[in-house]
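# Coordinate analysis (summary)
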Amino acid sequence: MTSRDNQESGRLAPAPESFLDADLVDEIHLGGVNAARRKLLKGALAAAAATAIAPSHAADDPDILALPSWSRTLGKPVVTTPYGQPSPFEAQVIKRQSPGLTQTNQASVAFTPLQSLFGMITPSGLHFERHHQGWVDIDPTRHRLMINGLVDSPSVFTMADLLRLPSVSRIHFLECGANTGLEWGNVAVPTVQYTHGMLSASEFTGVPVSLLLERAGYDRQRARFLLAEGADGSGMTRTINLDAALDDAIVAYGQNGEMLRPENGYPLRLVVPGVQGVSWVKWLRRLEVGDQPWGTKDETSHYVDLMPDGTHRQYSGIQEAKSVITSPSGGQTLLQQGYYCVTGLAWSGRGTVSKVEVSTDGGQNWRAARVEGPTLPKALTRFNFDWVWNGEEALLQSRVTDSTGYTQPTRNQLVARRGTRSIYHNNAIQTWRVAADGAVHNVQLG
Ligand SMILES: Nc1nc2c(c(=O)[nH]1)N[C@H]1C(S)=C(S)[C@@H](COP(=O)(O)O)O[C@H]1N2
Ligand SMILES: [Mo]
């Protein structure tokens, strides 16, 4: 084959997970998508290799020559599905629980399938879920938000009250502080869904916290913190820095143009842009203004980072700049030498993404990736990078620099400062190793 042929046929893989056959789901669940994908696409690629220029279409391809059944029948009527659903052919693009984590019914995580998604917004149905005590179905007519503490007029809002107030809509990422947490140790979990899938982004709509606090007349002399409390059985309570809350926090009821999903806090959640997920209290029922941190169970017994010297980092809320290649990524397989569009996500809890670079040799050489706009503050940013795979082993990495000038650290740099006993705030550069046979695996490089 000529190099041009290689380039063309390389485009077939890695295919989105959604191209897979339904009965391969179990295999995907256990081992990532590689084995299944390889089986499915091998035939297609053999055919591709045989035809020089249009690799995916044989000259006698019946899907080109004959009209398919759907072109010869009446379509289904409108409102067959009053609430639209994805195509049945996309049934593998789902949230999953990690095979490597202990699973309990209520205190668990379902990860977003980052490897299958495009752009900068996570569909609401695929937004990750993290519950400390299960999720609840709240009747919005009976939900209340109380504002109390250091305020002139303590008040209670119904949902109807909140929906009448001026609103804002903002796109932001939500990342659990424990995202990529298993990588602190020597555990290289198989797929990007499990390494980075406690990450999602939505357009959130609601009332700015600043508006509610000003209306309640907060004590400008003494007020420094906010306590946020959820209505679920976990008694979730978090201290929020008042400056951050006044800056851009939102009491949100909307997610991607509709009401929040129950799993994500319906009918009300706190949005604290740039801050770790646990502070985005779901099923929000109370905001209390105070002059010192509360030191609740959710900020003392967990959500602290054990440092090498035995001390703890506490209130380490901001999600530092981080990026990851979502495809090709662990569990996928490159089926052919040639062109690939390496794609991924970059974000920073401190501002916008200024630059993303990609290395294919484990960090020795870096080249700029294409950052796809818009680059919004504290939102996910999509990047793309053109790469021609020559069939040799490659070590794929991405690194982001944010608007403060901070650059994502290597694993060694991070571990030198923080040791390996944290659970939270791992923002190290991620490495995917492409083996000569095309298989992609998670490896930890320095
Ligand atoms: N009330 C309440 N709020 C909560 C939680 C919870 O269990 N209860 N989980 C927190 C954690 S740890 C995270 S990472 C985010 C996850 O939000 P999501 O489930 O919408 O992805 O919600 C936070 N807010
Ligand atoms: Mo979390």
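Check the entry above for the structure.
Parameters at a glance
Residues numbered from 1 in each chain as written. Chains lettered and ligands numbered in written order. Predicted model: local features only at pLDDT ≥ 70, side-chain atom pairs only at ≥ 80, totals over all residues. Heavy atoms only, no water. Buried < 20%, exposed > 50% of the residue type's maximum accessible area, 1.4 Å probe, protein only. Helix = DSSP H or I, 4+ residues; strand = E, 2+ residues; numbered from the N terminus. Arc of directions from axis to C-beta. Near = heavy atom within 4 Å. Polar contact = N/O pair within 3.5 Å; in protein donor to acceptor, adjacent residues only side chain to side chain. Areas by Shrake-Rupley, 256 points an atom, 1.4 Å probe, with all protein chains shown as cover. Nonpolar A, V, L, I, M, F, W, Y, C, P; charged D, E, K, R; others polar. Core = buried A, V, L, I, M, F, W, Y, C linked by side-chain atoms within 4.5 Å. Contact = heavy atoms within 4.5 Å. Phe/Tyr/Trp six-rings, centres within 6.5 Å; stacked < 30°, edge-to-face > 60°.

## A short note on helix 7 (residues 209-216)
- Where helix 7 is concerned, the buried positions are Val209, Ser210, Leu212, Leu213 and Ala216. Axial view of helix 7: buried residues confined to an arc of 165 degrees, hence all on one face.

## Considering the site of ligand 1
- Looking at ligand 1, there are 22 residues lining it, with Phe128, His132, Asp232, Arg269 and Lys282 nearest.
- Within the backbone of His132, a nitrogen or oxygen atom sits 2.7 Å from an oxygen atom of ligand 1.
- Interatomic distance of 2.8 Å between a side-chain N/O atom of Arg269 and an oxygen atom of ligand 1.
- Relative to its free-state accessible area of 540 Å², ligand 1 is covered by the protein chains to the extent of 100%.
- For the shell around ligand 1, the leading source of residues is strand 2 (residues 129-131), giving three residues.
- Looking at the shell around ligand 1 residue by residue, the classes come out as nine nonpolar, seven polar and six charged.

## Quick look at the nonpolar core
- Leu145, Leu212, Leu226, Val251 and Leu270 are the most contacted members of the largest nonpolar core, which has 51 residues in total.
- Beyond its immediate sequence surroundings of up to four residues, Leu226 is in contact with Val209, Leu213, Arg238, Thr239, Ile240, Leu242, Ala245, Leu287, Glu288, Val289 and Trp294.
- Core analysis: the next-biggest nonpolar cluster, separate from the first, contains 29 residues, Val356, Phe383, Trp389 and Val440 among them.

## Section: the packing of aromatic side chains
- Inspection of every chain in the model, using the stated rule, returns four aromatic pairs.
- Aromatic pair Phe204 and Trp280: ring centres 5.5 Å apart, planes at 65 degrees, arrangement edge-to-face. Residue Phe204 is found in strand 6 (residues 199-208), and its partner Trp280 is found in the loop between strand 11 (269-271) and strand 12 (284-290); the two are separated by 76 residues along the sequence.
- Here the aromatic rings of Tyr340 and Trp387 are separated by 6.2 Å at their centres, their planes lie at 45 degrees, and the arrangement is tilted. Linking Tyr340 in strand 16 (residues 338-347) with Trp387 in strand 20 (residues 381-389), this pair joins segments that are 47 residues apart in sequence.
- In this structure Trp387 comes out as buried when scored by relative accessible area, which is 7%.

## As for the environment of Thr407
- Summarising the element assignment, Thr407 is placed in the loop between strand 21 (394-402) and helix 9 (411-418).
- For Thr407 and Ser354, which are 53 residues apart along the polypeptide, the C-alpha to C-alpha distance reads 9.8 Å.
- Separated by 3.0 Å, the side chains of Thr407 and Thr401 make a polar contact.

## Re the side chain of His143
- Relative to the helices and strands, His143 resides in the loop between strand 2 and strand 3 (144-149).
- Given the relative accessible area of 5%, His143 is considered buried.
- His143 has contacts with Ile138, Phe157, Thr158, Met159, Ala231, Pro267, Leu268, Trp283, Leu284 and Arg285, leaving out every residue within four places of it along the chain.

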